[in-house]
Amino acid sequence: YLPLILVAEDVPFNMTLIVALLNQLIPGSEVVEVPNGRQAVNVAERIKVDMIFMDIQMPIMDGFEATRMIRQIELNHQVDKPVPIIAVTAFTLNKEKERCINAGMNDFLTKPIEKDAIYRMLVKYLNGNIIVGDGITSGKTVSHKRDDHFDIKALVERTSIEEATLLVLAQQAATNLGDHMITLSDAISNNNSQQIKNAAHTIKGIALNLDFTNLAYLSKQMEVLTDEEPDKTRKLFQKMTEEVTVLKELFKV
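Rules used throughout
- Residues numbered from 1 in each chain as written.
- Predicted model: local features only at pLDDT ≥ 70, side-chain atom pairs only at ≥ 80, totals over all residues.
- Heavy atoms only, no water.
- Helix = DSSP H or I, 4+ residues; strand = E, 2+ residues; numbered from the N terminus.
- Rg over C-alpha atoms; globule rule 2.2 N^0.38 Å.
- Buried < 20%, exposed > 50% of the residue type's maximum accessible area, 1.4 Å probe, protein only.
- Contact = heavy atoms within 4.5 Å.
- Axes fitted to C-alpha atoms, helices over the stretch in contact; angles between N-to-C directions.
- Parallel < 35°, antiparallel > 145°, perpendicular 65-115°, else oblique.
- Nonpolar A, V, L, I, M, F, W, Y, C, P; charged D, E, K, R; others polar.
- Phe/Tyr/Trp six-rings, centres within 6.5 Å; stacked < 30°, edge-to-face > 60°.
- Pairing = 2+ DSSP bridges.
- Right-handed = clockwise from strand over helix to strand, strands pointing away.
- Polar contact = N/O pair within 3.5 Å; in protein donor to acceptor, adjacent residues only side chain to side chain.
- Arc of directions from axis to C-beta.

Asker: When you look at the overall build of the protein chain in this model, what are you seeing that I'm missing?
Answerer: What the protein chain contains, in helices and strands, is 10 helices and 5 strands. Radius of gyration (C-alpha) of the protein chain: 19 Å, near the 18 Å computed for a compact globule of 253 residues. Seen through its C-alpha atoms, the protein chain measures out along the principal axes to roughly 55 × 45 × 30 Å. Across the 253 residues in the protein chain, those meeting the buried criterion constitute 49%. Pairs at least 24 apart in sequence give 63% of the contacts found in the protein chain among residues at least 6 apart.

Shown next as structure tokens:
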């Protein structure tokens, strides 16, 4: 039996990484990909899925609201076994996990996404119905030295995905970082604290998943700055811009 898994994630690279790991762990499984919570609800209402990986911060409808709606649909239809919903987020705070559980989610994964972590979720919620592949990372080593900008060795070790594939994904993500930086820049210009946090959070999630070490550190700092720190915000944005430039030069994009 091959499960049908729904993944709700608005950042293309993050989606590609999760789907690649699922295909490693359950070869042949079918994965439905949606970019927001509204579409996740639509799919869950029409199709019986076996598991959902739900990003928290998405446009149109976030993961909390989508989960609450799916649980209400299940209640209305008197579903015997509610679908396991796993939160996926770059937040690590306990209160964030509590919000996920209160919304009706079963469990919680933090970025950077690890193969072993997804493996544990599959075994915990689907074992007995499916055969899950080996979740233990292979410990592959690569020739590159560790790097503060892009730690390819750590990325290979964490995902067990081939280095060549990861390099292509990293290049694509580096290309798209410019758009996210524009969103952050606009939020700073408008002095919109929530939009600044949201944009920084998105960049942080990409950087964590890709082991863009410096960018992850800088975006995490940006995410927690307050309205009373405009000078720090501008200086930090400049550092992030410089780091994105380094990454683009690294991948020749």
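Asker: Hey, could you run me through the packing of helix 3 (residues 63-76) against helix 4 (residues 94-103) in this one?
Answerer: In a packed pair of helices, the relevant descriptors are the angle between the two axes and the axis-to-axis distance. Where helix 3 contacts helix 4, the two axes come as close as 8 Å, and the packing angle between them is 25°. With respect to helix 4, the axis of helix 3 lies roughly parallel. Between helix 3 and helix 4, the contacting residues are Phe 64, Thr 67, Arg 68 and Arg 71 on the first element and Glu 96, Arg 99, Cys 100 and Ala 103 on the second. Considered class by class, the residues forming the contact of helix 3 with helix 4 number 3 nonpolar, 1 polar and 4 charged.

Asker: Help me out: how do you make sense of the packing of aromatic side chains in this one?
Answerer: Two aromatic rings, taken as a pair, are described by how far apart their centres are and by the angle between their planes. Tallied over the entire structure, the rule returns 3 aromatic pairs. Look at Phe 150 and Phe 212: their rings are 5.5 Å apart centre to centre, the planes differ by 70°, and that puts the pair in the edge-to-face class. Linking Phe 150 in the loop between helix 5 (115-126) and helix 6 (152-159) with Phe 212 in the loop between helix 8 (193-210) and helix 9 (213-224), this pair joins segments that are 62 residues apart in sequence. Their ring planes at 45° and their centres at 6.2 Å tell us that Phe 212 and Phe 251 sit as a pair that is tilted. Of the two residues, Phe 212 is situated in the loop between helix 8 and helix 9 and Phe 251 in the segment after helix 10 (230-250); the sequence distance between them amounts to 39 residues.

Asker: Got a minute to help me understand the pairing of strand 1 (residues 4-8) in this structure?
Answerer: The two faces of the sheet receive side chains in turn, since in a regular strand these alternate between them. The buried fraction of strand 1 amounts to 5 of the 5 residues, a majority that puts the element mostly inside the structure. With burial as the criterion, each face of strand 1 is covered, one bearing Leu 4, Leu 6 and Ala 8 and the other bearing Ile 5 and Val 7. Two elements, strand 1 and strand 2 (residues 30-34), share 5 bridges in a ladder whose sense is parallel. Of the residues in strand 2, the one forming a bridge with Leu 6 is Val 32. Crossover handedness for the path strand 1 to helix 1 (residues 12-25) to strand 2: right-handed. Both strand 1 and strand 3 (residues 51-55) contribute to a ladder of 4 bridges, which runs parallel. Pairing of Val 7 across the sheet is with Phe 53, part of strand 3.

Asker: I keep staring at the side chain of Asp 151 and nothing clicks. Help me out?
Answerer: Relative to the helices and strands, Asp 151 is located in the loop between helix 5 and helix 6. For Asp 151, a relative accessible area of 10% gives the class buried. There is a polar contact of 3.2 Å between the side chain of Asp 151 and the backbone nitrogen of Ala 154.

Asker: Looking at this structure, I do not really get the environment of Asn 106. What am I missing?
Answerer: Relative to the assigned elements, Asn 106 resides in the loop between helix 4 and strand 5 (107-110). We classify Asn 106 as partly exposed; its relative accessible area is 33%. Setting aside its immediate chain neighbours within four residues, Asn 106 contacts Arg 71, Val 83, Pro 84, Ile 85, Ile 101 and Tyr 125.

Asker: Help me understand helix 4 in this model?
Answerer: Residues spaced three or four apart along an α-helix point in a common direction, a consequence of the helix completing one turn every 3.6 residues. All buried positions along helix 4 are accounted for by Glu 96, Cys 100 and Ala 103. Buried residues in helix 4, looked at end-on, bunch into an arc of 70°, giving them a common side. Exposed positions of helix 4 whose direction lies more than 90 degrees from the buried face are Asn 94, Lys 95, Glu 98 and Asn 102. Each element contacted by the buried residues of helix 4 is listed here: helix 3, strand 4 (85-89) and strand 5. Two residues or fewer after helix 4 comes Gly 104, characterised by a positive phi angle close to 115°.

Asker: Honestly, the sheet that holds strand 4 in this entry has me stumped. Any pointers?
Answerer: To summarise the sheet geometry, strands pair through backbone hydrogen bonds and adopt either a parallel or an antiparallel arrangement. The strand order 2-1-3-4-5 describes an open sheet built from 5 strands, whose pairing is parallel. Whereas interior strands pair on both sides, the edge strands pair on one side only; in this sheet they are strand 2 and strand 5. When the angles between neighbouring strand axes are averaged without regard to direction, this sheet yields 20°. In this fold helix 3 packs onto strand 3 and strand 4, with an angle of close to 150° to the strand it touches most, strand 3.

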